[in-house]
Amino acid sequence: MNGYSQTFTCIRDDAKSSSNVIKSDSKDCVLRLMQNWSQVKPGTSQVAPVFHGEIRGKVSVSVEGSDSCYFAGPNTSTGSFSLTNQAYCGFTSTGVWKGTNFFVSAGSTLVVSNTAALPAKSQIRLSDAPEQEVKSSVLLGEGNYTATSMSVDGELLYRGTWGSSESNARFKDDVHFKGPGVLTLTTGAPFPGCRIIIK
């Protein structure tokens, strides 16, 4: 990409080649995906596009639109990963992302199927307008995941384990979490409760 941001309808590699590379070594840039691939061939049965290659360097990914897409490669990009406008996107059981900033907004869903997909220093931010009926969420596949912090509409979640009612997490939230996985937050808002001081 050579430092230039670019916009595409979708990203896929039907050959499933891990040798496909998207990179920008010199400058920060954004790979913007306007997800409307399912409208390309109306009436056909299509599967969600999957990119098996690698995104490297200083490339951030921004996905917009109500269709889905997945990343299956060993992405070493240090850029951010953003979803908006009801995007349904994330990482397959082999996909990873090296960048630590994840932004999910406007009813979108971040799908994480690989416990190694999120770096331990990840910061996940969910945000929705008050009138948004479908809230942004994180769908966690089976297993344990770790992130530094997560916020919902600017409010930092408590430190500890989070998940849906399907999970064995301490804190359960079926609005912002889906699936059986457990997300451990290593930092977070102070937990309200009693405080014992021994002198």
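The rules behind these values
- Residues numbered from 1 in each chain as written.
- Predicted model: local features only at pLDDT ≥ 70, side-chain atom pairs only at ≥ 80, totals over all residues.
- Heavy atoms only, no water.
- Pairing = 2+ DSSP bridges.
- Helix = DSSP H or I, 4+ residues; strand = E, 2+ residues; numbered from the N terminus.
- Buried < 20%, exposed > 50% of the residue type's maximum accessible area, 1.4 Å probe, protein only.

A. Expanded view of the sheet that holds strand E14 (residues 144-147). Spatial ordering of the open sheet is given by E14-E20-E17-E18, a layout of four strands whose pairing is mixed. Two strands bound the open sheet, and with one partner strand each, they are E14 and strand E18 (171-172). Relative to strand E20 (residues 182-185), E14 is paired through four bridges, and the arrangement is parallel. Residue pairing across strands places Ala 147 opposite Leu 185, the latter belonging to E20.

B. Region of interest: the pairing of strand E5 (residues 68-71). A two-sided burial pattern is seen for E5, the buried positions comprising Ser 68 and Tyr 70 on one face and Cys 69 and Phe 71 on the other. In this sheet, E5 lies alongside strand E3 (residues 50-51) in parallel orientation, the contact comprising two bridges. From the neighbouring strand, Phe 51 faces E5, where its bridge partner is Phe 71. Note: E5 against strand E8 (residues 88-91), four bridges, orientation parallel. Residue pairing across strands places Phe 71 opposite Phe 91, the latter belonging to E8.

C. Just unusual backbone geometry, in detail. Phi is positive for Asn 85, close to 60°, though the residue is something other than glycine. Inspection of the secondary structure assignment puts Asn 85 in the loop between strand E7 (81-84) and E8. We note that Ala 106 has phi near 55°; this positive angle belongs to a residue other than glycine. Examined against the element boundaries, Ala 106 turns out to sit in the loop between strand E10 (101-105) and strand E11 (109-112).

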